[in-house]
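Now for the letters of each chain:
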Amino acid sequence: TINYVENILICKDLMYKHNRNKESFFTDDGFAIGIAYILAILDQNDKFDALHWFDMVNDKYQQDGAALRERQQAQAAQRDRRRTREATEE
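Residues numbered from 1 in each chain as written. Predicted model: local features only at pLDDT ≥ 70, side-chain atom pairs only at ≥ 80, totals over all residues. Heavy atoms only, no water.

(A) Inspection of the overall build of the protein chain at higher detail. When you go through the protein chain residue by residue, the secondary structure sums to four helices and zero strands. Starting at the N terminus and ending at the C terminus, the protein chain contains elements arranged as α-α-α-α. For 90 residues, the compact-globule estimate of 2.2 N^0.38 gives 12 Å, and the C-alpha radius of gyration of the protein chain, at 23 Å, exceeds that figure by more than 25%. Each of the three principal axes of the protein chain carries a C-alpha extent, and together these read 70 × 40 × 15 Å. For the protein chain, the residues scored as buried account for 4% of the 90 residues in total. Accessible surface computed for the protein chain: about 8,600 Å², of which carbon and sulfur atoms make up 55%. Averaging the locations of the 13 positively and 16 negatively charged side chains of the protein chain gives two centres separated by 9 Å. (Helix = DSSP H or I, 4+ residues; strand = E, 2+ residues; numbered from the N terminus. Rg over C-alpha atoms; globule rule 2.2 N^0.38 Å. Buried < 20%, exposed > 50% of the residue type's maximum accessible area, 1.4 Å probe, protein only. Areas by Shrake-Rupley, 256 points an atom, 1.4 Å probe, with all protein chains shown as cover. Lys, Arg positive; Asp, Glu negative; His and termini not counted. Charge placed at Lys NZ, Arg CZ, Asp CG, Glu CD.)

(B) Expanded view of the packing of aromatic side chains. In this structure the tally under the stated criterion is three aromatic pairs. For the pair Phe-48 and Trp-53, a centre-to-centre distance of 6.4 Å together with 35 degrees between the ring planes defines the contact as tilted. Since its relative accessible area comes to 23%, Phe-48 is described here as partly exposed. Here the aromatic residues Phe-48, Trp-53 and Phe-54 are joined through ring pairs into a cluster of three or more. (Phe/Tyr/Trp six-rings, centres within 6.5 Å; stacked < 30°, edge-to-face > 60°.)

(C) Spatial organisation of the environment of Leu-39. Within the element layout of this structure, Leu-39 appears in helix α2 (residues 30–41). Along the primary structure Leu-39 and Arg-81 are separated by 42 residues, whereas in three dimensions their C-alpha atoms are 54 Å apart. Excluding its chain neighbours within four sequence positions, the residues that come into contact with Leu-39 are Gln-44, Asn-45 and Phe-48. (Contact = heavy atoms within 4.5 Å.)

(D) View of α2. The terminal C-alpha atoms of α2, which comprises twelve residues, lie 16 Å apart, in line with the 16 Å expected from a rise of 1.5 Å per residue. A positive backbone phi angle near 50 degrees is found at Asp-43, which sits one or two residues after α2. (Expected span 1.5 Å × (residues − 1).)

Set out below in structure tokens:
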């Protein structure tokens, strides 16, 4: 409902105002709970599990992490080459 959305936005704003100097994150797990509820009342948990969604998401995170590490290593190597070149030019 609109009241719920307004309340969530107010709580989110208050959290950010109180934690300006700290790192903070806001989450609303209503969607996940709603999905779990619908799967339960429709007795669809087994079919959902057959999709192997969690395995696929985990694989995606692993791939993204590996790609990020490769990019970071390439950037570090490029930075090192640039520093070496600059040092030899001086």
